[in-house]
Amino acid sequence: LKPKKKKKKKRKRKKKKKVTIDEATAHKLQSQLKAACMGTDPHTYFKRYDKDRGGTLDYDEFRKMIRIGLKITPKILSDKDIEALIKAIDDDGGGELDLDELADFVERGTASFLDNEAGDHDGPKWGEKVESEALKTAMARTREKRNKALF
């Protein structure tokens, strides 16, 4: 008689659940971040909270920015929501938010959750001046009128 070998049970790996954050909460935070970035670009604003100068914000740095910089209380946005937001914004899954990922969220909001790479979209980037052909034509006419009035 041979002793029976025990069969190893295969463990089922749990699939990572897609992190969801309330759309209204994300939109409100995006609006507050846009307001905080007024007069500067998002990278400059976020660098203030990047204490280790690594080009990323970890959970503590991001939380400090939200609580102190944006003055958002835990009643409005819980720590659990902050963790969910980090997971939603973090495109590379590193657990830290790259300044480009944050800038992308400020620019596009929850649409940045759907893309794999920050900045992977059509349209102008943050702070980029956009002028249509109609606007350029109108500006040229205005300059001509102003020049005629001066001479």
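A short tour of the structure in this document, coming up. (Residues numbered from 1 in each chain as written. Predicted model: local features only at pLDDT ≥ 70, side-chain atom pairs only at ≥ 80, totals over all residues. Heavy atoms only, no water.)

### Some thoughts on the overall build of the protein chain
And step 1. The secondary structure content of the protein chain amounts to 7 helices and 2 strands.
And step 2. Secondary structure elements in the protein chain, listed N-terminal to C-terminal, are α-α-β-α-α-β-α-α-α.
And step 3. Each of the 151 residues in the protein chain was classed as buried or not, and the buried ones make up 27%.
And step 4. For the protein chain, restricting intrachain contacts to residue pairs at least 6 apart in sequence, the fraction spanning at least 24 positions comes to 53%.
And step 5. With the model as given, the accessible surface of the protein chain reaches about 11,900 Å², and the carbon-plus-sulfur share is 52%. (Helix = DSSP H or I, 4+ residues; strand = E, 2+ residues; numbered from the N terminus. Buried < 20%, exposed > 50% of the residue type's maximum accessible area, 1.4 Å probe, protein only. Contact = heavy atoms within 4.5 Å. Areas by Shrake-Rupley, 256 points an atom, 1.4 Å probe, with all protein chains shown as cover.)

### What to know about the environment of Ala35
And step 1. Within the secondary structure, Ala35 sits in helix 1 (residues 23-36).
And step 2. Residue Ala35 is classed as exposed on the basis of its relative accessible area, which comes to 52%.
And step 3. Put simply, Ala35 and Val106 are 71 residues apart on the chain and 9.7 Å apart in space, counted from C-alpha to C-alpha.

### Structural notes on a positive patch on the surface
And step 1. Together, Lys47, Lys51, Arg53 and Lys64 make up a positively charged patch on the protein surface.
And step 2. Its place among the elements puts Lys64 in helix 3 (residues 59-69).
And step 3. By relative accessible area, Lys64 is classed as partly exposed at 40%. (Patch = residues over 30% accessible without salt bridge, like charges linked within 9 Å, V, L, I, M, F, W, Y side chains within 5 Å. Salt bridge = Lys/Arg side-chain N within 4 Å of Asp/Glu carboxyl O. Lys, Arg positive; Asp, Glu negative; His and termini not counted. Charge placed at Lys NZ, Arg CZ, Asp CG, Glu CD.)

### Let's talk about the nonpolar core
And step 1. Within the largest apolar cluster, 27 residues are counted, with the highest numbers of intra-cluster contacts made by Leu33, Phe46, Phe62, Met65 and Ile66.
And step 2. Secondary-structure elements contributing two or more residues to this core are helix 1, helix 2 (42-47), helix 3, helix 4 (79-89) and helix 5 (99-108).
And step 3. When near neighbours in sequence (up to four residues on either side) are disregarded, Met65 contacts Leu33, Tyr45, Phe46, Tyr49, Leu57 and Leu70. (Core = buried A, V, L, I, M, F, W, Y, C linked by side-chain atoms within 4.5 Å.)

### Regarding the packing of helix 1 against helix 5
And step 1. At a minimum axis separation of 8 Å, helix 1 and helix 5 run at an interaxial angle of 105°. With respect to helix 5, the axis of helix 1 lies roughly perpendicular. Contact with helix 1, carried on its side by Ala26, Leu29, Gln30, Leu33 and Lys34, involves Phe105, Val106, Glu107 and Arg108 of helix 5 and no other residues of that element.
And step 2. When the residues that make up the contact of helix 1 with helix 5 are grouped by side-chain class, the tally is 5 nonpolar, 1 polar and 3 charged. (Axes fitted to C-alpha atoms, helices over the stretch in contact; angles between N-to-C directions. Parallel < 35°, antiparallel > 145°, perpendicular 65-115°, else oblique. Nonpolar A, V, L, I, M, F, W, Y, C, P; charged D, E, K, R; others polar.)

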